[in-house]
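Single-letter residue listing:
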Amino acid sequence: MPGLSLATTSSSNFTDLLALSVFRSEIKTDTNNVLGSNWTETESFCNWVGVSCSHRRQRVTALNLTNMGLQGTISPYVGNLSFLVTLDLSNNSFYGPMN
């Protein structure tokens with residue numbers, strides 16, 4: 001995905017950064033501008049709103065974006081978050097097939 005910075009991302013968690021970035025790109029409406037203002041390259045993805053990471057490996061273990069006013073599709077790249085234990089996207093408006 002264009003614009004991703006490798007400067008602060010090790011190769012072991014670049015997969016997580018890519019998955020989250022593609023997920024963000026599939027969001028068509030961000031009513032509260034949460035992802036637009038916080039999910040930026042200037043901040044480690046482990047510090048992004050709704051993202052929790054393991055302390056040891058800095059890999060995404062939870063994605064909790066409940067009640068964020070998000071609309072769009074859920075990218076199949078979410079399946080690449082191999083350490084993900086919890087996914088909560090409730091009370092948003094996601095649509096389309098899950099592949």
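Whatever comes next refers back to the structure up there.
These notes cover the structure that comes with them. Note that the coordinates shown come from a computational prediction; the quantities given were computed from them, not determined experimentally. Along each chain, the written sequence defines residue order, and numbers are assigned to residues from 1. The predicted origin of the model limits local features to residues at a pLDDT of at least 70 and limits the giving and counting of side-chain atom pairs to 80 or more, whereas totals for whole chains, interfaces and linings rest on all residues. Hydrogens and water are ignored here; the side-chain numbers use all heavy atoms of the structure.

From N to C terminus, the chain includes two helices and six strands. By the criteria applied, helices consist of DSSP H or I runs no shorter than four residues and strands consist of E runs no shorter than two, each listed in order from the N terminus. Along the chain direction, N to C, the helices and strands of the chain fall in the order α-β-α-β-β-β-β-β. Only protein chains enter the accessibility calculation, which uses a 1.4 Å probe; a residue whose area is less than 20% of its type maximum is buried, one above 50% is exposed, and one in between is partly exposed. In the chain, which comprises 99 residues, the proportion classed as buried is 35%. Working rule for contacts: check all heavy atoms of both residues, and any pair within 4.5 Å makes them a contact. In the chain, of all internal contacts separated by at least 6 residues, the share reaching a separation of at least 24 is 53%. A total of about 5600 Å² of accessible surface is found on the chain, and carbon and sulfur atoms cover 50% of it. The Shrake-Rupley method, run with a 1.4 Å probe sphere, supplies the accessible areas, and residue values consider only the shown protein chains as cover.

This paragraph deals with the environment of Ser 52. Here Ser 52 lies in strand S2 (residues 51-53). Look at Ser 52 and you get partly exposed, because its relative accessible area is 35%. As for Ser 52 and Leu 63, which are separated by 11 residues in sequence, their C-alpha atoms are 6.5 Å apart. Once you skip the residues sitting within four places of it in the chain, Ser 52 turns out to touch Arg 59, Val 60, Thr 61 and Ala 62.

Let's shift gears to the nonpolar core. Side-chain atoms within 4.5 Å link the members of a nonpolar core, which is a set of buried Ala, Val, Leu, Ile, Met, Phe, Trp, Tyr and Cys residues. Among the nonpolar cores identified, the biggest contains 22 residues, and Leu 20, Phe 23, Trp 39, Phe 45, Val 51 and Leu 65 are the most heavily contacted of them. For this core, the secondary-structure elements that each account for two or more residues are helix H1 (14-25), helix H2 (34-38), S2 and strand S3 (60-64). With four residues, the single largest contributor to this core is H1. What Leu 65 contacts, discounting residues up to four positions off in sequence, is Phe 23, Leu 35, Trp 39, Val 49, Gly 50, Leu 70, Asp 88, Leu 89, Ser 90 and Asn 92.

This next bit is on the pairing of S3. Put simply, side chains in a regular strand alternate between the two faces of the sheet. When S2 meets S3, the two strands line up antiparallel, connected through three bridges. Across the sheet, Cys 53 pairs through a bridge with Val 60, a residue of S3. What sits between the antiparallel neighbours S2 and S3 is a turn of six residues, in which Gln 58 has the positive phi angle 55°. By the convention used here, strands pair only if DSSP detects at least 2 bridges between them. Of the strand pairs in this sheet, S3 and strand S5 (residues 86-88) are connected by three bridges, and their pairing is parallel. Residue pairing for S5: Asn 64 is matched across the bridge by Asp 88.

Before going further, it helps to examine the sheet that holds S3. The three strands are arranged S2-S3-S5 in an open sheet whose pairing can be described as mixed. The open sheet has two edge strands with one neighbour each: S2 and S5. Between one strand axis and the next, the sheet turns through 15° on average, direction left out of account. Lines are fitted to the C-alpha atoms to define the axes, a helix being fitted only along its stretch in contact, and any angle between axes, read from their N-to-C directions, falls within 0 to 180 degrees.

Everything listed is a geometric property; what it means functionally is a separate question.
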